[in-house]
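Here is what each chain is made of, one letter per residue.
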Amino acid sequence: QDGLKQCLAEFRQQLTWVERLDVTLGPVTDPVSQSASTSDAVDPENDFQREMSFYRQAQAAVLEALPRLRKLQVPTRRPDDYFAEMAKSDQQMQKIRQKLKSKQEAMERSEKAKQLRAMRKYGKKVQVEVLQRRQKEKKNMLNAVKKYQKGLSDKLDFLEEEQTPSQGNKKGNASQRTKKGPNAKRRYKNQKFGFGGKKKGSKWNTKESFNDISSFQSKVAHNKGTGKGGRGGKGGKKALNKRPGKRARQKMKNRAR
């Protein structure tokens, strides 16, 4: 004991308390039992009691030291602009970020794979349902045909049901073709050489051309002459576009040979 006291006297420094900040107290008063916990009441084999004793003792030291620090005008709270070096280096934190990023990407890939599998299952389910519906429709149609052949039924509704979707598809295709218009090659040629206009049906009559008779000449249309002989008389002029007879045409052919 004398040796310990001698060693303690050798390394003890006579400094002020603000430099040492040493506080030695017993545990703080328990608010439940309103009594101070003593070391004799703590069972050293009980981990909970032992840790609670340490906690109470530290709490008592804080309650004793904070007022003394405030009295000495020593700040006890960290300022907002306080900067301290991190416990881990930037390289170590970068490795941790890369690891977290790779883990997140792996989770995203796994989630996408799950979604694809679910979509494939749903697609297969829809395909099976469509095939089953078609088989059912085909079976119903065959049964209806058999009944009609045997004379058990005189209805032909199943034929109309079969033709309706095909006609709808044809109409849809026709409307699509109408809306589609000319292809790129045709558009290029129209742009380069010009578009001559509509050819088919260009000579058809319209309502306006049918009602317009301003250019009609009855004398020319009916081969009426102006002479004394009247129609077909000797004094009348022969029609300019009268076709020659059969013998005359034959003679003309012989001359050409």
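Rules of the game
Residues numbered from 1 in each chain as written. Predicted model: local features only at pLDDT ≥ 70, side-chain atom pairs only at ≥ 80, totals over all residues. Heavy atoms only, no water. Helix = DSSP H or I, 4+ residues; strand = E, 2+ residues; numbered from the N terminus. Buried < 20%, exposed > 50% of the residue type's maximum accessible area, 1.4 Å probe, protein only. Contact = heavy atoms within 4.5 Å. Salt bridge = Lys/Arg side-chain N within 4 Å of Asp/Glu carboxyl O. pLDDT = per-residue confidence, 0-100.

Draft legend 1. Geometry of the overall build of the protein chain. The secondary structure content of the protein chain amounts to nine helices and two strands. Taken from the N to the C terminus, the helices and strands of the protein chain come in the order α-α-β-β-α-α-α-α-α-α-α. Each of the 257 residues in the protein chain was classed as buried or not, and the buried ones make up 4%. Intrachain contacts of the protein chain at a sequence separation of at least 6 include 47% that bridge at least 24 residues.

Draft legend 2. Local environment of unusual backbone geometry. Positive phi outside glycine occurs at L21, with the angle close to 55°. Position of L21 among the secondary structure elements: in the loop between α2 (17-20) and β1 (29-30). Accessibility expressed as a relative area gives 48% for L21, which makes it partly exposed. Positive phi outside glycine occurs at Q73, with the angle close to 60°.

Draft legend 3. Up close: the side chain of S53. Mapped onto the elements of the fold, S53 is located in helix α3 (residues 47-71). On the accessibility criterion, S53 (19% relative accessible area) is buried.

Draft legend 4. Broad picture of the pattern of salt bridges. Evaluation of the coordinates by the stated rule reveals two salt bridges. As a salt-bridge pair, D22 and R20 come within 2.7 Å of each other at their nearest N and O atoms. With a relative accessible area of 38%, R20 lands in the partly exposed category. The salt bridge involving D47 is made with R50; its shortest N-O contact spans 2.7 Å.

Draft legend 5. The arrangement of helix α6 (residues 184-193) in detail. Buried residues are scarce in α6, accounting for zero of its 10 residues. The positive-phi residue at the C-terminal boundary of α6 is G194, with phi of around 90°.

Draft legend 6. Inspection of the confidence of the model for the protein chain at higher detail. For the protein chain, per-residue confidence averages 77 on the pLDDT scale, and residues scoring 70 or more make up 75% of the total. Looking across the protein chain, the model is least confident in strand β2 (residues 35-36), with a mean pLDDT of 51, and most confident in α3, with 90.

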